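Spelled out, the chains give:
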Protein chains: 2
Amino acid sequence: MGLRERKKEKTRLAILDAALELFLEQGYESTTVEQIAGAVDVSPRTFFRYFTSKDHLVLWFHDQSEEILLETMAARPPDEPPFTALMHALRAMLADIEDATPQEHERFLKLRRILDENPRLIGQSVARGTETERRLAEVVAARRGVRADEDQLSHLIVAFAMSTMRVGFECPRSDGSLPEITGRMAESIELAERSLRPGWDA
Amino acid sequence: MGLRERKKEKTRLAILDAALELFLEQGYESTTVEQIAGAVDVSPRTFFRYFTSKDHLVLWFHDQSEEILLETMAARPPDEPPFTALMHALRAMLADIEDATPQEHERFLKLRRILDENPRLIGQSVARGTETERRLAEVVAARRGVRADEDQLSHLIVAFAMSTMRVGFECPRSDGSLPEITGRMAESIELAERSLRPGWDA
DNA sequence: ACCTTCCTGTCACAGTGTGACAGAAGTCAT
DNA sequence: ATGACTTCTGTCACACTGTGACAGGAAGGT
């Protein structure tokens, strides 16, 4: 990996960390891009080269999660029922969070606090989720041997799976610790598995 | 109803119709608030007094639907299983769309075409849905005799119900006619009812 | 060193959304 | 009708987000 790429990754994280810090200090809305850029000695224009929007800062983890979801789905045996495969993918995502560095844990928890305080951002996060759903629906449809355009069930399977993740993530009455959050998510996954009729996704 | 309120409702609809027309003609992004306001001889500032944002134009029907959902839920017998009640609410929403005036049908179909062409807006629509989900979760939790903060299942029930609606609404391979759309939504509701284990939401 | 490629800052700009204020229009008395 | 009263509207000024264009500088390979 060249110096250029290392430098880029460094600024990307510097911007992200500075932004999270400012958001927690003075709130999301009242923090401007100019301030964030200023905190890491970068021009506002450059900020937008790293993150396409201010919201994108907060959706960062979402993008990472999507990657893991898609990778895991690709790796699961093709004859496995799609919803089961999706639940495995969710658990893989969970494991990835747990196995991350303390620094990344820190970011994850800060982000979660910001999300809690700004319902609008949760909405944005869900909004981005629709694109993920579309892609996952393609994968599920392929597994089921149908076209995604023509099969509502494929969409329903994915939508239920994503709902499960979201419910776990919103994580009611949390003290904000990482084990509690991941615990809730695991809980939510089990709940969903128990709620559905065996073989419904076949 | 006084002249003032009638006039207000008239401008609100005039703005909405002009906007939908412009969006279909030249696309959502490339239509400015100034244009919309100009088309109905209103200042841009006034536009924002009727719709809090450009996006809000498109989320208009969402707000209406939420109202019906909440009203129906309040009217359903309290001992009915929550998911069943929610499915009834969805059907009530459907009926409301079908029973509307031709003019309102027109708006609904235009809106849907715009949504189809702008995935970002679907996201926004879903984003607004999270607030609806929160309110519905309160209602469901009350039915189940628990606190919404402490019960993941209440959230899961609502999330599954809203997913069902969305999947029906996205309506793959549609020719765009109203009967087809409502048909797909009904289909989706039945699919969901068949997929869940009896008594899962008790 | 050289040339190429990519990154960055500066400038200019379009567009969304908001606060403040003055004036017009609607409302409701007498 | 005429008055006072409330509510809506337009104008002006403004902060902020996000983008296109261009010039200079840093990193890459030769």
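Residues numbered from 1 in each chain as written. Chains lettered and ligands numbered in written order. Predicted model: local features only at pLDDT ≥ 70, side-chain atom pairs only at ≥ 80, totals over all residues. Heavy atoms only, no water.

- Within an unreviewed UniProt entry, the label attached to chain A reads Transcriptional regulator, TetR family, and the organism entered is Nonomuraea wenchangensis.

1. Quick word on the packing of aromatic side chains
The way to describe two aromatic rings as a pair is by their centre distance and the angle between their planes.
No. 1: For the coordinates displayed, the defined rule picks out 17 aromatic pairs over all chains.
No. 2: Counting every residue linked through ring pairs, the aromatic cluster contains Phe 83, Phe 160 and Trp 200 of chain A together with Phe 83, Phe 160 and Trp 200 of chain B.
No. 3: Its end group placed over the ring of Tyr 28 of chain B, Lys 54 of chain B keeps NZ or CZ at 4.6 Å from the ring centre.
No. 4: Against the face of Phe 169 of chain B rests Arg 112 of chain B, its NZ or CZ located 5.6 Å from the ring centre. (Phe/Tyr/Trp six-rings, centres within 6.5 Å; stacked < 30°, edge-to-face > 60°. Lys NZ or Arg CZ within 6 Å of the ring centre and 35° of its normal.)

2. Describing the nonpolar core
Nonpolar side chains tend toward joint burial in soluble globular proteins.
No. 1: Among the nonpolar cores identified, the biggest contains 68 residues, and Phe 83, Leu 86 and Phe 160 of chain A together with Phe 83, Leu 86 and Phe 160 of chain B are the most heavily contacted of them.
No. 2: Beyond its immediate chain neighbours, meaning those up to four positions away, Phe 160 of chain A contacts Phe 83, Leu 196 and Trp 200 of chain A together with Phe 160, Ser 163, Thr 164 and Ala 192 of chain B.
No. 3: Within the second largest apolar cluster, 46 residues are counted, among which are Ile 15 and Ala 19 of chain A together with Leu 16 and Ile 122 of chain B. (Core = buried A, V, L, I, M, F, W, Y, C linked by side-chain atoms within 4.5 Å. Buried < 20%, exposed > 50% of the residue type's maximum accessible area, 1.4 Å probe, protein only. Contact = heavy atoms within 4.5 Å.)

3. Focus on the interface of chain B and chain A
No. 1: Facing 38 residues of chain B, the contacting portion of chain A comprises 38 residues.
No. 2: Contact between chain B and chain A buries roughly 3300 Å² in total, counting both sides, with carbon and sulfur atoms accounting for 57%.
No. 3: Here Glu 133 of chain A and Arg 166 of chain B are joined by a salt bridge, their closest N and O atoms 2.7 Å apart.
No. 4: Between chain B and chain A we count ten residue pairs in polar contact (both at pLDDT 80 or more) in total. (Buried area = accessible area lost by both parts, 1.4 Å probe. Salt bridge = Lys/Arg side-chain N within 4 Å of Asp/Glu carboxyl O. Polar contact = N/O pair within 3.5 Å; in protein donor to acceptor, adjacent residues only side chain to side chain.)

4. Notes on the relation of the copies chain B and chain A
No. 1: Between chain B and chain A, which share one sequence, the superposing operator has a rotation angle of 180° and an axial displacement of 0.0 Å; the RMSD is 0.1 Å. Taken together, the rotation and translation describe the operation of a two-fold axis.
No. 2: Counting the interface residues of chain B, we find that 100% of their copies in chain A are interface residues as well, pointing to one common contact surface. (Least-squares fit on C-alpha atoms with pLDDT ≥ 70 in both.)

5. With respect to the UniProt feature "DNA-binding region" (unreviewed entry) in chain A
No. 1: Within this numbering scheme, the UniProt entry marks residues 32-51 of chain A as carrying the feature "DNA-binding region" (unreviewed entry).
No. 2: Span residues 32-51 of chain A is 70% helix and 0% strand, its end C-alpha atoms 14 Å apart. (UniProt positions renumbered as here; feature names shortened; annotations may be inferred. Helix = DSSP H or I, 4+ residues; strand = E, 2+ residues; numbered from the N terminus.)

6. Notes on the domain arrangement of chain A
Residue and element names in this part refer to chain A.
No. 1: Per the domain assignment, the segments making up chain A are domain 1 (3-52) and domain 2 (59-195).
No. 2: Between the C-alpha centres of domain 1 and domain 2 there is a distance of 26 Å.
No. 3: At the interface, eleven residues of domain 1 touch nine residues of domain 2.
No. 4: Taken together, the two surfaces of domain 1 and domain 2 that pack against each other cover about 1100 Å², and 66% of this comes from carbon and sulfur.
No. 5: When the buried surface of domain 1 facing domain 2 is broken down by residue, Leu 20, Leu 24 and Tyr 28 rank first, second and third, together holding 48% of it.
No. 6: Along the contact surface separating domain 1 from domain 2 lie three salt bridges. (Domains from an automatic or database assignment.)

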